[in-house]
Amino acid sequence: EVLAVIAVALIIWYGGGRVLDDTLSLGALVAFTAYIRMFFRPLRDLAEKYNILQNAMASAERIFLVLDNRTMLPQPAAPASVAGIESLRFERVDFAYVPGEPVLKSVSFELRRGETLAVVGPTGAGKTSLINLIPRLYDPTGGAVKINGRDLRTLASPAFRDTMALVMQDPLLFSGSIRRNIFEGAPAADSDRAQAIIAAANLERLVARLPRGLDSELGEGGSLVSSGERQLIAIARAFARNPQLILFDEATSAIDSQTEQLVQQALARLMQQRTALVVAHRLSTVRHADRILVMNRGRIIESGSHPELMALKGFYYRLHQLQPAEGPGP
Ligand SMILES: Nc1ncnc2c1ncn2[C@@H]1O[C@H](COP(=O)(O)OP(=O)(O)O)[C@@H](O)[C@H]1O
Ligand SMILES: [Mg+2]
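Residues numbered from 1 in each chain as written. Chains lettered and ligands numbered in written order. Predicted model: local features only at pLDDT ≥ 70, side-chain atom pairs only at ≥ 80, totals over all residues. Heavy atoms only, no water.

*Asks:* How should the packing of helix α8 (residues 227-241) against helix α9 (residues 257-271) be read in this particular structure?
*Replies:* The axes of two packed helices give the description: the angle between them and the distance between them. Two elements in contact, α8 and α9, have axes separated by 9 Å at closest approach and are oriented at 15°. Our classification of the angle between α8 and α9 gives roughly parallel. α9 is crossed by α8, and the crossing has left-handed handedness. Listed contacts from α9 to Gly 228, Glu 229, Gln 231, Leu 232, Ile 235, Ala 238 and Phe 239 of α8 are Thr 259, Leu 262, Val 263, Ala 266, Leu 267, Arg 269 and Leu 270. (Axes fitted to C-alpha atoms, helices over the stretch in contact; angles between N-to-C directions. Helix = DSSP H or I, 4+ residues; strand = E, 2+ residues; numbered from the N terminus. Parallel < 35°, antiparallel > 145°, perpendicular 65-115°, else oblique. Left-handed = near helix turned anticlockwise from the far one by under 90°. Contact = heavy atoms within 4.5 Å.)

Structure, rendered in structure tokens:
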């Protein structure tokens, strides 16, 4: 770039002198500067391409870094199988994403078949992290998570993941039809069963509203439906797989109260006859739990039933004092 400008300046300076001496015509000088510019343009383009290439190389390096990353946690050589979930136990579980910054500290509890356990606590208490340890998305840094008394690290992940369904705070959907989002990877469902699942998950209204019903495309990341509707679809996905253990992370973000009712109702249906661990923000969800764990800063600080914890007049009691009063339930 600089070179081109200097070259043009030199030509004008030298050529200008010649024009004044009458040894060069003005036309030839103008033509010459134009040619020089043409000569430098491809060089500049080449330099630009080189910059793009450099950027692409840097990006490629990062992509390969991600690809090379071992995303699977180490699997046992001779994994034991899991037929059904009789119990889920946390034994003095410590966990940290970043060494030295503990997120869970000595968390212990047990959940037995058929029970519903609620986890409550302020934002950042570690509730979502606790749930993430159950499908073994992460390994604890201390203690153990056990199913039927066996450490998750001795079990085959695909086997126990089939027995549980995780409904995340903000469920991730694939671009693709609603049908695929619900039934992909699940046992094949005939149309009667599909209809029953849609009804149980309170999705009938959404499906009726969309132009192509169940085959409507959801767009990238499920962007065409609201976050409450995404949870309904995630609940339907759970129904389709018919798991024994439900892990539910209630959405904190505001959902309109009508959709919220639909989610609550669908969730209650899903939890019937199943074992469930629910991170709850709403009193109405918590009340139905057999037991409630109250978490703060990575620790379980209180546990018991709703009346027990209210009588304790501790942290749980104060949490409810902060919550806006709920109207009489339906
Ligand atoms: N992927 C992550 N990497 C590092 N830190 C995280 C990650 N996810 C959560 N944390 C941290 O862990 C703590 C607990 O977070 P989380 O389990 O999401 O709490 P809760 O669900 O109770 O709001 C927070 O301090 C949060 O910043
Ligand atoms: Mg959370």
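*Asks:* I'm lost on the site of ligand 1 in this one. Help?
*Replies:* Around ligand 1, a shell composed of Tyr 97, Val 103, Pro 122, Thr 123, Gly 124, Ala 125, Gly 126, Lys 127, Thr 128 and Ser 129 is seen. The backbone of Gly 124 places a nitrogen or oxygen atom 2.7 Å from an oxygen atom of ligand 1. Taking Gly 126, its main chain carries an N or O atom lying 3.0 Å from an oxygen atom of ligand 1. Protein coverage of the free-state accessible area of ligand 1, which is 560 Å², stands at 57%. Sorting elements by how many residues they give to the shell around ligand 1 places helix α3 (residues 127-133) first, with three residues. (Near = heavy atom within 4 Å. Polar contact = N/O pair within 3.5 Å; in protein donor to acceptor, adjacent residues only side chain to side chain. Areas by Shrake-Rupley, 256 points an atom, 1.4 Å probe, with all protein chains shown as cover.)

*Asks:* What is the right way to look at the domain arrangement of the protein chain in this model?
*Replies:* Interfaces are often sized by the amount of accessible area the parts lose when they come together. Domain annotation for the protein chain reports domain 1 (2-68) and domain 2 (114-136 + 154-322). The distance between the C-alpha centroids of domain 1 and domain 2 comes to 61 Å. (Domains from an automatic or database assignment.)

*Asks:* Looking at this structure, how should I read the pairing of strand β1 (residues 87-98)?
*Replies:* Successive side chains on a regular strand alternate, one facing one side of the sheet and the next facing the other. As defined by bridge partners, β1 adjoins strand β2 (residues 101-112) across eight bridges and the pair is classed as antiparallel. Paired with Phe 90 across the two strands is Phe 109, which belongs to β2. Counting the residues that bridge the hairpin from β1 to β2 gives two residues, and of these Gly 100 lies at a positive phi of roughly 90°. Pairing analysis gives five bridges linking β1 to strand β4 (residues 142-147), with the strands arranged antiparallel. The residue bridging Arg 89 from the neighbouring strand is Lys 146, located in β4. (Pairing = 2+ DSSP bridges.)

*Asks:* I would appreciate a short explanation of the environment of Val 263 in the present structure.
*Replies:* Within the secondary structure, Val 263 is located in helix α9. Along the primary structure Val 263 and Met 164 are separated by 99 residues, whereas in three dimensions their C-alpha atoms are 19 Å apart. Not counting chain neighbours up to four residues away, the residues in contact with Val 263 comprise Gly 228, Gln 231, Leu 232, Ile 235 and Phe 248.

*Asks:* Would you mind going over the sheet that holds strand β6 (residues 164-167) with me for this structure?
*Replies:* Within a beta sheet, neighbouring strands are joined by backbone hydrogen bonds and run either parallel or antiparallel to one another. One open sheet holds the six strands; their spatial order is β6-β7-β8-β3-β9-β10, and the pairing between them is mixed. The sheet is open, and its two borders are formed by β6 and β10 (299-304), each paired with just one other strand. Strand after strand, the sheet turns through a mean of 15° between neighbouring axes, direction not considered. Contacts from α8 reach β6 and β7 (245-249), with the element oriented near 175° to β6. Sitting on the sheet, α9 is in contact with β3 (116-120), β7 and β8 (275-279), with an inclination near 160° to β7.

*Asks:* Please explain helix α2 (residues 26-68) as it appears in this structure.
*Replies:* An α-helical turn contains 3.6 residues, so any two residues separated by three or four positions project in the same direction. Helix length check: α2 (43 residues) gives 63 Å between terminal C-alpha atoms against 63 Å at 1.5 Å per residue, within 8%. Listed as buried for α2 are Leu 29, Thr 33, Ile 36 and Phe 40. Residues of α2 that are buried make contact with α1 (2-21). (Expected span 1.5 Å × (residues − 1). Buried < 20%, exposed > 50% of the residue type's maximum accessible area, 1.4 Å probe, protein only.)

*Asks:* Honestly, the packing of aromatic side chains in this entry has me stumped. Any pointers?
*Replies:* Geometrically, a pair of aromatic rings is defined through the distance of the ring centres and the angle of the planes. Throughout the structure, instances matching the rule amount to five aromatic pairs. Centroid distance Tyr 97 to Tyr 138: 5.1 Å. Interplanar angle 90°. Geometry classified as edge-to-face. Here Tyr 97 is found in strand β1, whereas its partner Tyr 138 is found in the loop between α3 and β4, with 41 residues between them in sequence. Site record: aromatic cluster; members linked through ring pairs are Phe 95, Tyr 97 and Tyr 138. (Phe/Tyr/Trp six-rings, centres within 6.5 Å; stacked < 30°, edge-to-face > 60°.)

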